[in-house]
Amino acid sequence: MKASYLKDRSFNTRQDLHIPVDSILPENVGYVVLIGVSLILALAVTLMVKAETKWLGTRKTFEWFYTAGRTIKTGLIASSIVSAWTWAATLLQSSTVTYEFGIGGSFWYAAGASIQVILFSILAIELKRKAPMTHTFPEMLYARFGRHPHKVFLFFGLMTNTIVTAMLVLGGVAVVNSLTGVDIAIAAFLIPLGIVVYTVFGGLKATFFAEYLNTGFIFVVVLIFVGVIYFASPDIGGISGMYEKLTEASVLRPVDGNALGTYLTLASVGALIFGIINIVGNFGTVFVDQSYWQRAIASRPRAATGGFIIGGLAWFAIPFTLATSLGLAAVATGVTLTEDQIGLGLVAPTTAAYLMGDLGAVLILTIVFTAVVAAGSSQLVSVSSLVTYDVFRTYLKPSASGRELMRMSRFTIIGFGLGMGLLALLLFQFGVSLQYVYLTMGILIGSAVAPISFAILWKRTNRVAATAAAITGLASGIAAWFLTAFAMYGAITVSTTGNVIPLLAGNVASIGVSLIITLLGSLIVPENFDFRVLKQKILLVDDRVRSMIKRDTDEELLARASTFCKRVGLGISLFLVVIWPMSMYLTEFVLNLEAFTAWVFLAVVWASGAAAVTIFLPLIEARTSLGKIIQRAAESAEYDDQIENNMPVMKILVPVDGSARSLQALNGANYMFRGSQVHIYLLHVMEWSEDENMDEELTSQMQEEGRLILRSVVVPKQMRGYTRIVKLGDPPKKIAETAKSLGVNLIVMGRTGLGRTKNLGHVSGQVLEHATVPVTLV
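What this report covers is the structure whose coordinates are included nearby. (Residues numbered from 1 in each chain as written. Predicted model: local features only at pLDDT ≥ 70, side-chain atom pairs only at ≥ 80, totals over all residues. Heavy atoms only, no water.)

Let us look at the overall build of the chain. Check the secondary structure of the chain and you find 28 helices and 5 strands. Taken across its 778 residues, the chain has 60% of its residues classed as buried. For the chain, long-range pairs separated by at least 24 residues make up 85% of all intrachain contacts whose partners lie at least 6 apart in sequence. Of the accessible surface of the chain, which amounts to about 29,100 Å², a share of 63% is contributed by carbon and sulfur atoms. (Helix = DSSP H or I, 4+ residues; strand = E, 2+ residues; numbered from the N terminus. Buried < 20%, exposed > 50% of the residue type's maximum accessible area, 1.4 Å probe, protein only. Contact = heavy atoms within 4.5 Å. Areas by Shrake-Rupley, 256 points an atom, 1.4 Å probe, with all protein chains shown as cover.)

Taken N-terminus to C-terminus, the directions of helix α3 (residues 74–85) and helix α12 (residues 301–332) make an angle of 40°; their axes are 7 Å apart at the nearest point. Compared by their axis directions, α3 and α12 come out oblique. Between α3 and α12 lies a crossing of right-handed hand. Between α3 and α12, the residues in contact are Thr-74, Ile-77, Ala-78, Ile-81, Val-82 and Trp-85 and Arg-302, Ala-303, Gly-306, Gly-307, Phe-308, Ile-310, Gly-311, Ala-314, Trp-315 and Ile-318, respectively. Its residues assigned to classes, the contact of α3 with α12 comprises 11 nonpolar, 4 polar and 1 charged. (Axes fitted to C-alpha atoms, helices over the stretch in contact; angles between N-to-C directions. Parallel < 35°, antiparallel > 145°, perpendicular 65-115°, else oblique. Left-handed = near helix turned anticlockwise from the far one by under 90°. Nonpolar A, V, L, I, M, F, W, Y, C, P; charged D, E, K, R; others polar.)

There is a patch of nonpolar side chains on the surface, built from Phe-616, Leu-619, Ile-620, Leu-626 and Ile-630 and spanning about 470 Å² of accessible area. Mapped onto the nonpolar patch, the elements with two or more residues apiece are α23 (593–621) and α24 (623–644). Ranked by the residues each element gives to the nonpolar patch, the list is headed by α23, at 3 residues. Topologically, Phe-616 is positioned in helix α23. For Phe-616, a relative accessible area of 48% translates into the label partly exposed. (Patch = residues over 30% accessible without salt bridge, like charges linked within 9 Å, V, L, I, M, F, W, Y side chains within 5 Å. Salt bridge = Lys/Arg side-chain N within 4 Å of Asp/Glu carboxyl O.)

Glancing now at the nonpolar core. The nonpolar side chains of soluble globular proteins are, as a tendency, buried together. Grouped together as the largest cluster of nonpolar side chains are 203 residues, with contacts concentrated most on Trp-87, Phe-120, Met-242 and Phe-596. A total of 21 residues in this core trace back to one element, the largest contributor, which is helix α8 (residues 184–231). Once residues lying within four places of it in the same chain are set aside, the contact partners of Trp-87 are Val-164, Met-167, Leu-168, Asn-282, Thr-285, Ala-375, Tyr-438 and Met-441. Counting 18 residues, the second largest nonpolar core, distinct from the first, contains Ile-652, Met-702, Leu-710 and Val-713. (Core = buried A, V, L, I, M, F, W, Y, C linked by side-chain atoms within 4.5 Å.)

Our next topic: the side chain of Thr-98. Structurally, Thr-98 is set in helix α4 (residues 88–101). Within the structure, the side chain of Thr-98 is placed 3.0 Å from the backbone nitrogen of Ser-106, a separation counted as a polar contact. Setting aside chain neighbours within four positions, we find Thr-98 in contact with Gly-105, Ser-106, Tyr-263, Ala-323, Gly-327, Leu-328 and Val-331. (Polar contact = N/O pair within 3.5 Å; in protein donor to acceptor, adjacent residues only side chain to side chain.)

Here we take up the pattern of salt bridges. Once the charged atoms of two side chains with opposite charge are near each other, the side chains can pair. Under the defined criterion, the tally for this structure stands at 10 salt bridges. For Glu-126, the salt bridge is made with Lys-130, and the minimal N-O distance between the two is 2.8 Å. Here Glu-126 and its partner Lys-130 are both found in helix α5 (residues 103–130), 4 residues apart, which amounts to about one turn of the helix. Of the residues examined, Glu-126 reaches a relative accessible area of 2% and is grouped as buried. Two residues, Glu-555 and Arg-129, come together in a salt bridge whose shortest N-O distance is 3.0 Å. On the criterion of sequence distance, the pair formed by Glu-555 in helix α22 (residues 555–585) and Arg-129 in helix α5 is long-range, its members being 426 residues apart. Classification of Arg-129 by relative accessible area gives partly exposed; the value is 21%. Three or more residues are tied together by salt bridges with common partners; here these are Glu-126, Arg-129, Lys-130 and Glu-555.

In terms of burial, strand β2 (residues 678–687) is a largely internal element, 8 of the 10 residues being buried. Relative to strand β3 (residues 722–729), β2 runs parallel, the two sharing 8 bridges. Bridge assignment links Leu-683 to a residue of β3, and that residue is Ile-725. (Pairing = 2+ DSSP bridges.)

With that settled, consider helix α7 (residues 147–180). With 34 residues, α7 should cover 50 Å at 1.5 Å per step; its first-to-last C-alpha distance of 49 Å lies within 8% of that length. When you tally the buried positions in α7, you get 28 out of 34 residues, the bulk of the element. Immediately downstream of α7, the backbone of Gly-181 shows phi near 80°, a positive value. (Expected span 1.5 Å × (residues − 1).)

Inspection of every chain in the model, using the stated rule, returns 29 aromatic pairs. Measuring from ring centre to ring centre gives 6.1 Å for Phe-231 and Phe-601, while their planes differ by 55°; the resulting arrangement is tilted. Here Phe-231, found in helix α8, pairs with Phe-601, found in helix α23; they are 370 residues apart in sequence, far enough to count as distant. Residues Phe-316 and Phe-320 carry aromatic rings whose centres are separated by 5.2 Å and whose planes lie at 40° to one another, so their mutual orientation is tilted. Residue Phe-316 and its partner Phe-320 are located together in helix α12, separated by 4 residues, close to a single helical turn. Phe-320 shares its class with Phe-316; the two are buried. Within the aromatic cluster, the residues linked to one another by ring pairs are Trp-85, Trp-87, Tyr-109, Phe-120, Phe-137, Phe-274, Phe-283, Phe-287, Tyr-292, Trp-293, Phe-308 and Trp-315. Above the ring of Phe-531, the side-chain terminus of Lys-130 is found at 4.1 Å from the ring centroid. (Phe/Tyr/Trp six-rings, centres within 6.5 Å; stacked < 30°, edge-to-face > 60°. Lys NZ or Arg CZ within 6 Å of the ring centre and 35° of its normal.)

The following block contains the structure:
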């Protein structure tokens, strides 16, 4: 293999503000996607959140906004991870490197960026063991290292979110502009529009719902592409036709650094170097990205293990299968692009449009857009949580109430959402491409990986060494990057720093120097940190929520899960980035037709299995909740139909607290309206202060207690139409609100309740004052 080409090898990192590509689709199609799809997704997610809060009784507290109740199960965690990790770069750059290096590009993009998610399962389970009540990873580091290190790692966290956001919007804007001609500035500000709408309303739970929908849609489109290209396209001619065309292309346009110059080998110097940069850089964008820590925090303890491992393996299928289809098809059909177009990631959309016409262009445009929207929502919530918890509450107003924190979080979401568009425009003005940002991110954030990881994994980690390692590693990475570019090309520009050797030197120096300093400093001056301190320092406001987390945390189970993650995570990672590729690299193995056929079928089977798991597992795990929503929605629809059909239905609300008077009120209501078309709602309110935080699990437990009380009430046999309802909150207020929302005609309740007063009870008096319908006291 030839390696002399590496000195002049560039990853196409320069771009102009105006993208020189003729629009494939009409401009109005671009606006339909930017506005229409955005609003449809926002509406769907908002309705899903509304259904959960209305039919399942979930309370939208500040804790719920950022942790989704800390009860998310394995399937939804896995689906969320697949979506959050599927950036515009995933869908675009995977085909670009395959176009440049052949199958080595698709493999190294997938393998080099999936092991980080799989290995993060180790940190996720350790976080559940050692700091189960934390909200952000800097909050955990503040408790472990103190004030000044906290500021350093908070800086890295915010920088990571900014870099990821830049890549999301850059990729989305480039595709929208190239395929439809929509103005770059307009696209840059319309893309965040839908993201902000549902994120402000639904918080992290809305993000989970959006990511679930996005994951399912992406897998469907990926399977459409692979099906059309390998089994239906006359331009390709099936698997054998693709093989023949790739073989011919290898002769006509051999790949420098590939064994025999062929596209059909993993023995590729360029792909291997890209793989190393990919691995190093993506450790930073997972381990230093708050969005992945947020998923660990939101998950149930048992879900943290399987969620990240399944998510990482499922995500592998997206770039691997898509690039094996579109990237190789671009080579096979002779698609020709300029350096600027390649740097913008336009290999995939151009090929899709060439092979499938407008349908292909619309599909690639839509999945890139939905990927940007879903992953962008994740970044918005992450930035908002860092600003709210680690800046506002930690340094500006430690005594802030839940309402103040919620207000700050929503202001941050709106502000950063608008800033996403401005950031993309600035990068375009400076001529920075999507690929340039992708390949340099490891240099800028990789130095924080080792200190953050060891902070939660190793009790001997020295705080000074860890903090110094992050700063020194960043400086070393930038120095190695710039000095190598200057030494090789005599100048430091976007073009020279975008070449392969400077990028490789900077990425390796950043993460390597940091790792060495962290290890040596901690071995020379070790600490003996007691991780139980994290549980003492990081507390939730509500004692009952804290108690629930403690009950749900089985130390023995988590210890076994940690061991499992380490063995399985390390084993899978070793197989994906060492055993599998090196066995083909060292032997310079070139795929024959039979091996290439197996390669394609592996991609199809992997993508199909990943789609099945990420789409159906969340539904299976949520079947009980879905059943309740369907049942209660059907009951509501039934009564709406009765009203529409002019059937006189008398709706009566009877609050029940278990007292004799409330039971007499129930019997009285039944007696007064016997023989009439009447529906009685039995309401029990579990008293709960509006200022207290509550998560989904505790809500469910308290509602079950309320249902037990209602089930103990003996309903008169002649009473046919009745519904039992449990609410949490202030009883008088909830009774009045429920009466209004149900549209009841009358409230019948006891004059007194469980209190000892012989006069009008407190609750009854408040209901008389606030109710908007007639009230009968018994």
